[in-house]
Amino acid sequence: MEGMEKPSTDHIKYLDSDLRTVATPQRSGIGLRLKSARLAAGMTQLTVAMSLGFARSSISMIENESRPLRPDELDSFAKLYGVEVASLEVG
């Protein structure tokens, strides 16, 4: 319609950036410990994924702490890396 102003969409950009901030989990350090253990074991994300039956992207997400890690999965990582579960849980 002629003569009408287009509604502002500035608030949408704000909401999008606000949601990204809220959705970003606080890193507890377990992802970094898993990555360190993987590297110490001389493994790539792909070899870990193939060994444990994950997609490589899942390993990346777990190490970046953007995907939750179940206790049974943590056990599997510890066994594969040859470390105690406790060494991955506590920094």
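Here goes a summary of the coordinates provided. Quantities reported herein were computed from a predicted structural model and do not represent experimental measurements.

Here is what the cut-offs are and how they apply
Residues numbered from 1 in each chain as written. Predicted model: local features only at pLDDT ≥ 70, side-chain atom pairs only at ≥ 80, totals over all residues. Heavy atoms only, no water. Buried < 20%, exposed > 50% of the residue type's maximum accessible area, 1.4 Å probe, protein only. Helix = DSSP H or I, 4+ residues; strand = E, 2+ residues; numbered from the N terminus. Arc of directions from axis to C-beta. Contact = heavy atoms within 4.5 Å. Axes fitted to C-alpha atoms, helices over the stretch in contact; angles between N-to-C directions. Left-handed = near helix turned anticlockwise from the far one by under 90°. Nonpolar A, V, L, I, M, F, W, Y, C, P; charged D, E, K, R; others polar. Parallel < 35°, antiparallel > 145°, perpendicular 65-115°, else oblique. Polar contact = N/O pair within 3.5 Å; in protein donor to acceptor, adjacent residues only side chain to side chain. Core = buried A, V, L, I, M, F, W, Y, C linked by side-chain atoms within 4.5 Å.

This brings us to helix H5 (residues 71-81). If you check which residues of H5 are buried, you get Glu73, Leu74, Phe77, Ala78 and Tyr81. Buried residues of H5, viewed axially, fall in a sector of 140°; they line one side. As for H5, its buried residues are in contact with helix H2 (30-40), helix H3 (45-52), helix H4 (56-63) and helix H6 (85-89). The positive-phi residue at the C-terminal boundary of H5 is Gly82, with phi of around 70°.

On to the packing of H3 against H5. In the contact formed by H3 and H5, the axes pass within 11 Å of each other and the chain directions differ by 115°. Where H3 crosses over H5, the handedness of that crossing is right-handed. Contacts from Val48, Ser51 and Leu52 in H3 reach Ser76, Phe77, Leu80 and Tyr81 in H5. Taken together, the residues of the contact of H3 with H5 sort by class into five nonpolar, two polar and no charged.

What follows concerns the packing of H3 against H4. Two quantities define a packed helix pair, namely the angle between the helix axes and the distance between the axes. Running from N to C, H3 and H4 point in directions that differ by 110°, and their axes come no closer than 8 Å. In terms of axis orientation, H3 runs roughly perpendicular to H4. The two elements H3 and H4 cross, and the hand of that crossing is right-handed. Along the contact surface, H3 presents Gln45, Leu46, Val48 and Ala49, while H4 presents Arg56, Ile59, Ser60 and Glu63. By residue class, the composition of the contact of H3 with H4 is four nonpolar, two polar and two charged.

By the secondary structure assignment, Glu73 is in helix H5. Engagement of the side chain of Glu73 in a polar contact is seen with the backbone nitrogen of Arg70, the distance being 3.0 Å. Apart from residues lying up to four places away in sequence, Glu73 is in contact with Phe54, Arg67 and Pro68.

On to the nonpolar core, then. Counting 13 residues, the largest nonpolar core has Leu34, Val48, Ile59, Leu74, Phe77, Tyr81 and Leu88 as its most contacted members. Sorting elements by how many residues they give to this core places H5 first, with four residues. Residues in contact with Ile59, not counting those within four places in the same chain, are Gln45, Val48, Ala49, Phe54 and Phe77.

Another aspect to go through is H3. One full turn of an α-helix is made of 3.6 residues, so residues set three or four places apart face in the same direction. Turning to H3, its buried residues number three or more, namely Gln45, Val48 and Ala49. Along the axis of H3, the buried residues cluster in a sector spanning 100°; they form a single face. In this structure, the buried side of H3 is in contact with H2, H4 and H5. Looking at the residues trailing H3, positive phi occurs at Gly53, about 80°.

Purely geometric stuff here, so don't read any function into it on its own.
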